[in-house]
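Chains, contacts and geometry: an overview
The primary structure of each chain is shown beneath.
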Amino acid sequence: MATAQAALLEASARLVAPRGRLVYATCSFLPSEGERQTEAFFAGHPEFSLVTVRDVLGRARTEPFATADGKYLRTWRLDGAPDGGDAGMDGFFASVARRASA
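Remember, it's a predicted structure, so these values are computed and weren't measured experimentally. (Residues numbered from 1 in each chain as written. Predicted model: local features only at pLDDT ≥ 70, side-chain atom pairs only at ≥ 80, totals over all residues. Heavy atoms only, no water.)

1. Overview of the pattern of salt bridges
Put simply, the rule is: Between Lys or Arg on one side and Asp or Glu on the other, a salt bridge is scored when a side-chain nitrogen of the former is within 4 Å of a carboxyl oxygen of the latter. Each helix is a run of DSSP H or I of at least 4 residues and each strand a run of E of at least 2, with the numbering of both proceeding from the N terminus. Only protein chains enter the calculation, and the probe is 1.4 Å; a residue is then buried if its accessible area is under 20% of its type maximum, exposed if over 50%, and partly exposed in between.
As enumerated under the stated definition, the model contains one salt bridge in all. Across the salt bridge formed by R74 and E35, the nearest N and O atoms sit 2.3 Å from each other. One end of the pair, R74, is in strand β3 (residues 73-74); the other, E35, is in helix α2 (residues 35-44), and 39 residues separate them in sequence. On the basis of relative accessible area, E35 is assigned to the buried category, the value being 11%.

2. Overview of the side chain of T38
The line we're drawing: In this description, contact between two residues means that some pair of their heavy atoms is separated by no more than 4.5 Å.
With respect to the helices and strands, the residue T38 is situated in helix α2. Looking at T38, the relative accessible area reads 2%, which means it is buried. Residues contacting T38, with those up to four places away along its chain left out, are Y24, Y72, F93 and S95.

3. A word on the environment of Y72
Of note, Y72 is situated in the loop between α4 (59-62) and β3. For Y72, a relative accessible area of 4% gives the class buried. Between the alpha carbons of Y72 and E35 there is a distance of 7.8 Å; along the sequence they are 37 residues apart.

4. Some details on the side chain of T62
Defined as follows: The term polar contact refers here to a pair of N or O atoms within 3.5 Å; inside protein, the definition further demands a hydrogen-donor-capable atom paired with an acceptor-capable atom, and it admits residues adjacent in sequence only when both atoms are side-chain atoms.
Among the structural elements, T62 can be located in helix α4. T62 sits in the buried class, given a relative accessible area of 1%. A polar contact of 2.8 Å, which involves the side chain of T62, links it to the backbone oxygen of G58. The contact partners of T62, leaving out residues within four places of it in the chain, are V53, R54 and L57.

In structure tokens:
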């Protein structure tokens, strides 16, 4: 799915207004479809910057779902912790990018 996901990110990025946000979400817990896909997008799009999940939702609300560094939302913990904290969710990933002002 990585090729299709990259194409969707490319198409979506063209539609984001200056200072607008692009939310990338996938029903996958695989780093190749989450973190690596997001990081590849940022590498090819310097006009976008990361907005951390903690910045969007706050530390307390994201603690069970954020990656250890607070950058991304991931409901499946690769460290053996319960999926989605006590909520027991399936595997999801999300990241947020902001386009620079024009």
